[in-house]
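Structure at a glance
Chain by chain, the residues run as shown.
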Amino acid sequence: MSYIDVTGKTEEEAIARALQQLNMDRDDVSVQILERAKNGFLGIGSAPAKVRVTYGEDEEKEPTVFAKPIPEKPKAEVRPVEKPVSRTERPKVEKPAPTAQESFQKAERPAPISAPETSKPSAEEVRDEKADAIRSFISGLMEKMEVETQIHVYLPEKGRYQVILAGASMGQIIGRRGETLDAIQQLTSYCVNRSNNGRVRVTVDAENYRAKREESLEHLAQKVAGKVVKYRRSVTLEPMNAYERHIIHTALQDVPNVTTGSIGTEPNRRVVVSYVR
């Protein structure tokens, strides 16, 4: 395993410099904040941020996965005297307490995503060549999928089109963990950008899924980080796409004694949350 120490005005700038020097992506490395940036007073006492970026072959090795704690030696069991059960009274059957592994697996699952009303940007829908191409492509795709969908296209900022789909069958559009929605977004982006009229970014959403998913992943990241610090063991998360891995990295980049990295290859690339002293 190798590492480099890089400084910058902010932690984000230092990380960006390191990634530029290594020619790597954020989820190809592990980042540890060595020193926080200090503004000082009127420039006096200011100090840059310093980070340590770890990379190399060891990043691809399977890390230590969370294991349940070793239970204490059970004490001698004292059985209470059981009362006779009457014919009219049925004994209560208690459910066994969940094991440590079951509790951890339950904590790893993202919170269920509700289906709120679709939130639309305050700006009016845009009508231009790119927007018309987006509507035409998605309309044809929805026709093939036999799904009736309302297509709203907005331009929240220059070069980025936001598409919001609304209808009665949005669960079919979103798919398992947003896989279908991601595929629609990728196909739409490819269709719109294959011409030579300039590349634009296209995001596709339905029932505010992406905001809910981001909130769920941030909640998951904090739970896993707590267990990593408590048990001092690395935890490997489920496979995620690049956008979701970025959410986990960002959510934990300022958490003390915790660093993140990635292992595996697409589409099974996973985030690893590790303990550092």
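Our subject is the structure that appears above.
Everything quoted here is computed from the prediction, not taken from an experiment.

1. Focus: the pairing of strand β4 (residues 150-157)
As defined by bridge partners, β4 adjoins strand β5 (residues 160-166) across six bridges and the pair is classed as antiparallel. Bridged to V153 within β5 is V163. Hairpin connection between β4 and β5: a loop of two residues separates the two successive antiparallel strands, and G159 in this loop has a positive phi of roughly 85°.

2. Quick look at the sheet that holds strand β7 (residues 235-236)
Note on sheets: strands pair through backbone hydrogen bonds, and any given pair is parallel or antiparallel. One open sheet holds the three strands; their spatial order is β7-β9-β8, and the pairing between them is antiparallel. Edge positions in the open sheet fall to β7 and β8 (258-263), since each of these has one partner strand only. As paired strands, β7 and strand β9 (residues 270-275) are joined by two bridges and run antiparallel to one another. Counted as the bridge partner of T236 is V272 from β9. Sheet strands touched by helix α6 (residues 209-231): β7, β8 and β9. Its angle to β9, the strand with the most contacts, is close to 40°. Seen against the sheet, helix α7 (residues 242-252) touches β8 and β9 and runs at an angle of roughly 165° to β8.

3. Quick look at the sheet that holds strand β3 (residues 49-55)
Across the sheet, three strands lie side by side as β1-β3-β2; this open sheet has antiparallel pairing. Across the chains shown, the open sheet's two edge strands, defined by having one partner strand only, are β1 (2-8) and β2 (30-35). The average angle at which neighbouring strand axes cross in this sheet is 25°, direction not considered. The pairing of β1 with β3 spans seven bridges and is antiparallel. By the bridge assignment, I4 is partnered in β3 with V53.

4. Notes on the side chain of R210
With respect to the helices and strands, the residue R210 is situated in helix α6. Given a relative accessible area of 17%, R210 falls into the buried group. Beyond its immediate sequence surroundings of up to four residues, R210 is in contact with L181, D182, Q185, V204 and D205.

5. Points about the pattern of salt bridges
Side chains that differ in charge, positive against negative, can pair when their charged atoms come close. Scanning the model with the defined rule gives 13 salt bridges in all. R36 is paired through a salt bridge with E11; the nearest N and O atoms lie 3.7 Å apart. Taken together, the residues R36 in the loop between β2 and β3 and E11 in helix α1 (residues 11-22) connect sequence positions 25 residues apart. Since its relative accessible area comes to 14%, E11 is described here as buried. Between R213 and E244 there is a salt bridge, with its nearest N and O atoms 2.8 Å apart. Placement of R213 in helix α6 and of E244 in helix α7 is noted, with a sequence separation of 31 residues between them. On the basis of relative accessible area, E244 is assigned to the buried category, the value being 7%. Here the salt bridges share partners, and the residues they tie into one network are R177, R213, E238 and E244.

6. Thoughts on the pairing of strand β6 (residues 201-206)
With five of six residues buried, β6 is to be regarded as a mostly interior element. Pairing of β5 with β6, which is carried by six bridges, proceeds in the parallel orientation. Within β6, the residue paired with Q162 across the bridge is T203.

7. Topic: the nonpolar core
Counting 22 residues, the largest nonpolar core has I134, V153, V163, L165 and I173 as its most contacted members. Elements represented by at least two residues in this core include exactly α3 (129-145), β4, β5, α4 (170-174), α5 (179-193) and β6. If one sorts the elements of this core by residue count, α3 sits on top with four residues. Aside from chain neighbours lying at most four places away, what touches V163 is I134, I138, I151, H152, V153, V202, T203, V204 and D205. Residues L220, L237, M240 and I248 belong to the second largest nonpolar core, which totals 15 residues.

Quick notes on the rules
Residues numbered from 1 in each chain as written. Predicted model: local features only at pLDDT ≥ 70, side-chain atom pairs only at ≥ 80, totals over all residues. Heavy atoms only, no water. Pairing = 2+ DSSP bridges. Helix = DSSP H or I, 4+ residues; strand = E, 2+ residues; numbered from the N terminus. Contact = heavy atoms within 4.5 Å. Axes fitted to C-alpha atoms, helices over the stretch in contact; angles between N-to-C directions. Buried < 20%, exposed > 50% of the residue type's maximum accessible area, 1.4 Å probe, protein only. Salt bridge = Lys/Arg side-chain N within 4 Å of Asp/Glu carboxyl O. Core = buried A, V, L, I, M, F, W, Y, C linked by side-chain atoms within 4.5 Å.

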